[in-house]
Amino acid sequence: MKIGIDAGGTLIKIAILENDKFTFRKQLSTEIDEVAEWLKTVPDAQVALTGGKATYLQSLIPQNAFQSIEFDATFRGIQSFLIEMNLDISKFVFSNVGTGTSIHFVDNGKQIRAGGTGAGGGMMMGLSYLLTGKEDFDEIVTIAKEGNRDIIDLKVKHIYKGDKTPIPGELTAANFGNVLHNKDTENFSDADKIASVLGIVGETVTTVSIHAAREFGAEYVVYIGSSFLNNTLLRDIVMNYTVLRNFKPYFIENGEYSGAVGTLRLM
Ligand code: ATP
Ligand code: MG
């Protein structure tokens, strides 16, 4: 049995390879001791680690694990998934929206880090909690779908008020910029607030990603990371905005396991 583990800031992603088949599971990074206890029960497994908590996990387990750099592992995993998807792209940007967001440019089988932003899954969770007191990921992504961003975010068309706009009127001019205009007439619901949090995260991630794509001359942007799990609103925001800016977005099924699969493949 081979086990690839990407121990990240929020979640530990585990990819188990047995009889040429992968099974995937994840656990909170705060439960790293439980993952170590499980690894103790399979001492003969070949283990490959990556991610910010890889070295700490190594200190807890009996296996002498292989370790790879998170960015190389993630890229290797993405390559595997793209082959499975029959998606033949060689020049692209990938954006890993984890606790934070890391953006990379790929060409000729090599990745280089193109940048990043502190807007990501961690911001989504933290800001949602500050604004609504909610901290359950599933609840946050479910409630977000019911939200109305129009009363919180200021769009270009709100500023131009029917006049001809120089850029698409549906674009956000100012995230949270409509709040004070509506404070006397609207009650902002938790759903409205959380939808707008997903808005600023999604739009920031996309803006930084497409700037990288433009800088490097790439047409495709591949998005991965657990932040997109069951998160149709975040996916839609990122997808629509990427398309609007004339780039081609891809989401990889199980893409959040890229690091875990990749470190195993690099072993
Ligand atoms: P990093 O790569 O930045 O070290 P990570 O690898 O832990 O972090 P991911 O697992 O890709 O990052 O994504 C973490 C994000 O996924 C969280 O910030 C949150 O928005 C979201 N998420 C999805 N499922 C859960 C969950 N069950 N509990 C908490 N957060 C979740
Ligand atoms: Mg990660």
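Because the structure is a prediction, the values reported are computed rather than measured.

(A) Structural context of the sheet that holds strand β7 (residues 101-107). Here five strands make up an open sheet; going across it, the order is β8-β7-β6-β11-β12 and the pairing mixed. This sheet does not close on itself; its edge strands, each paired only once, are β8 (110-117) and β12 (248-251). Taken pair by pair, the neighbouring strands of this sheet meet at an average axis angle of 25°, ignoring direction. In this sheet, β12 lies alongside strand β11 (residues 220-224) in parallel orientation, the contact comprising four bridges. Among the inter-strand pairings, valine 221 is bridged to a residue of β12, identified as proline 249. Relative to β8, helix α8 (residues 190-216) is tilted by about 140°, and along the sheet it contacts β6 (92-97), β7, β8 and β11.

(B) Fine view of the sheet that holds strand β3 (residues 21-28). Ordered in space as β3-β2-β1-β4-β5, the five strands form an open sheet in which the pairing is mixed. Two strands in the sheet have a free side with no partner beyond their single neighbour: β3 and β5 (66-67). By the bridge criterion, two bridges tie strand β4 (residues 46-50) to β5 in an arrangement that is parallel. Paired with leucine 49 across the two strands is glutamine 67, which belongs to β5. Sheet strands touched by helix α10 (residues 258-266): β1 (2-7), β2 (11-18), β3, β4 and β5. Its angle to β1, the strand with the most contacts, is close to 130°.

(C) Quick look at the environment of glycine 115. Looking at the element boundaries, glycine 115 is found in strand β8. Along the chain, glycine 115 and glycine 225 lie 110 residues apart, while their C-alpha atoms are 16 Å from each other. Ignoring sequence-local partners within four residues, the contact set of glycine 115 consists of Thr101, Ser102 and Ile103.

Rules used in this analysis
- Residues numbered from 1 in each chain as written.
- Chains lettered and ligands numbered in written order.
- Predicted model: local features only at pLDDT ≥ 70, side-chain atom pairs only at ≥ 80, totals over all residues.
- Heavy atoms only, no water.
- Pairing = 2+ DSSP bridges.
- Helix = DSSP H or I, 4+ residues; strand = E, 2+ residues; numbered from the N terminus.
- Axes fitted to C-alpha atoms, helices over the stretch in contact; angles between N-to-C directions.
- Contact = heavy atoms within 4.5 Å.

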